[in-house]
Amino acid sequence: MESDQLRASLDAALAKQAALEAEISRLSASERAQRKQVETLREVTRILNSSLDQKHILELILDQLARVVEYDSASIMLIAGERLPIVASRKFASALMDETVFRAEALPHIQEVLDRRVPVIISDTELDPRWQKNPYAKEVRCWLGVPLAGKNQVIGLLNLDKKQAGYYTQQDASLAAIFASQAAIAIENAHLYSVERQRGEQLDALRATIADISAELELSRLLQAILERAVNLLEATGGDLGLYTDDFSELMVVASHNMGKDYTGTHMRVGEGAMGLAIQRQQAVIVENYRNWENASEQYF
């Protein structure tokens, strides 16, 4: 009897010891995993801070994101007024994805990320009413949206997709949020650098223009130089420069650059086309698609 009790006590002690060793092993593995995650995030931060070129930064973000949280496809959206364009993507079936522009209010899951400023998980896109189907995400079953929170506001979000329902966890969301905070800083730094560089280029162009005026260049050459500098500063494909005719009744194109044909000498009524409308309104006019614009001038077709 005593022997049986002793054996039972010994078995219980061994079982307890085995459970304790298993827990120690689990905690050690968890500690190693956490240490690796911290080291990875530190290295990722260093890599993201290694460039100030925004396009390069966006590519780095998607490359490094895969080291922190796995995805089958991913994209970066940056807020541009009321628009939410995809500025970079990875592993989407269509190459046109980067040219797609959304509006947050039309996408409840996106709007939730931007409004709440926290990661949002849709475990199963086929069951969640917040998910709006689109042709670029037919195979997405699990989605993780992470806000890119800048210093003063949310500047966009990261989209992570998996083909497996229920894939993303709160731990994934927490890791992605830490990564996104570093990514947002890198994007903002690159933007500030770009703004400062553009300002420097504008000042250089202004100095060059003043120098041209001081040198008393021929007017046509001066106007052409001004136009080409404006095109370069705005990173445009081409452009025209128009001036009022002597009687101020209409505009005449006096300089043309890289427009497919030379429009110099073309006359435009006040209110006609973008140039004429800008004069009529006395303010800048932005046209997203000139060919489909109702006020487009027939002279440009």
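This one's a predicted model, so the numbers in the text were calculated from it and none came from an experiment.

> Explain the nonpolar core to me, using residue names and the numbers behind them.
Formed by 33 residues in total, the largest nonpolar core has its most connected members in Ile 76, Leu 148, Leu 158 and Leu 160. Within the residue set of this core, elements represented by two or more residues are α2 (54-68), β1 (73-78), β5 (142-149), β6 (154-162) and α4 (170-214). Among the elements that make up this core, the one with the highest residue count is α4 (10 residues).

> Run through the sheet that holds strand β8 (residues 250-257), naming residues and quoting values.
Strand order in the open sheet formed by three strands is β7-β8-β9, with antiparallel pairing between adjacent strands. Across the chains shown, the open sheet's two edge strands, defined by having one partner strand only, are β7 (239-244) and β9 (267-269). Ignoring strand direction, the axes of neighbouring strands in this sheet form an average angle of 40°. Of the pairings in the sheet, the one linking β7 to β8 comprises six bridges and is antiparallel in character. Paired with Leu 243 across the two strands is Met 252, which belongs to β8. Strands β7 and β8 of the sheet are contacted by helix α5 (residues 219-233), whose axis makes an angle of about 70° with β8.

> Mind laying out α2, listing which residues take part and the relevant values?
With 15 residues, α2 ought to run about 21 Å at 1.5 Å a step, and its terminal C-alpha atoms sit 21 Å apart, in line with that. Looking only at α2, the buried set comprises Ile 57, Leu 58, Leu 60, Ile 61, Leu 62, Gln 64, Leu 65 and Val 68.

> Describe a nonpolar patch on the surface, listing the residues and the values that go with them.
Taken together, the side chains of Leu 203, Leu 206 and Ile 210 present a nonpolar region at the surface, about 270 Å² in accessible area. With respect to the helices and strands, the residue Leu 206 is situated in helix α4.

> Explain the packing of aromatic side chains to me, using residue names and the numbers behind them.
Enumeration over the complete set of coordinates arrives at seven aromatic pairs. Arranged with centres 4.3 Å apart and planes meeting at 20°, the rings of Tyr 263 and Tyr 300 form a pair that is stacked. Of the two residues, Tyr 263 is situated in the loop between β8 and β9 and Tyr 300 in the segment after α6 (273-281); the sequence distance between them amounts to 37 residues. Its relative accessible area of 17% is what places Tyr 300 among the buried residues. Here a set of aromatic residues connected by ring pairs shows up, and it is made of Tyr 263, Tyr 290, Trp 293, Tyr 300 and Phe 301. The side chain of Lys 162 reaches across the aromatic face of Tyr 167, ending 4.4 Å from its centre.

> Mind laying out the environment of Glu 298, listing which residues take part and the relevant values?
Following the sequence through the fold, Glu 298 ends up in the segment after α6. Glu 298 sits in the exposed class, given a relative accessible area of 71%. Taking the C-alpha atoms as reference points, Glu 298 and Glu 272, separated by 26 residues in sequence, lie 9.3 Å from one another.

> Summarise the environment of Gly 238; cite the residues concerned and give the values.
Mapped onto the elements of the fold, Gly 238 is located in the loop between α5 and β7. Taking the C-alpha atoms as reference, Gly 238 lies 7.9 Å from Ser 256; in sequence the two are 18 residues apart. Those residues within four positions of Gly 238 in sequence are excluded, and the remaining contacts are Val 231, His 257, Asn 258 and Met 259.

> Run through the sheet that holds β5, naming residues and quoting values.
Strand order in the open sheet made by the six strands is β3-β2-β1-β6-β5-β4, with antiparallel pairing throughout. Pairing within the sheet leaves two strands with one partner each, and these edge strands are β3 (101-102) and β4 (120-122). Strand direction decides the pairing type here: strand β2 (residues 84-90) and β3, joined by two bridges, are antiparallel. If you follow Leu 84 over to β3, its bridge partner there is Phe 102.

Conventions and cut-offs
- Residues numbered from 1 in each chain as written.
- Predicted model: local features only at pLDDT ≥ 70, side-chain atom pairs only at ≥ 80, totals over all residues.
- Heavy atoms only, no water.
- Core = buried A, V, L, I, M, F, W, Y, C linked by side-chain atoms within 4.5 Å.
- Buried < 20%, exposed > 50% of the residue type's maximum accessible area, 1.4 Å probe, protein only.
- Helix = DSSP H or I, 4+ residues; strand = E, 2+ residues; numbered from the N terminus.
- Pairing = 2+ DSSP bridges.
- Axes fitted to C-alpha atoms, helices over the stretch in contact; angles between N-to-C directions.
- Contact = heavy atoms within 4.5 Å.
- Expected span 1.5 Å × (residues − 1).
- Patch = residues over 30% accessible without salt bridge, like charges linked within 9 Å, V, L, I, M, F, W, Y side chains within 5 Å.
- Areas by Shrake-Rupley, 256 points an atom, 1.4 Å probe, with all protein chains shown as cover.
- Salt bridge = Lys/Arg side-chain N within 4 Å of Asp/Glu carboxyl O.
- Phe/Tyr/Trp six-rings, centres within 6.5 Å; stacked < 30°, edge-to-face > 60°.
- Lys NZ or Arg CZ within 6 Å of the ring centre and 35° of its normal.

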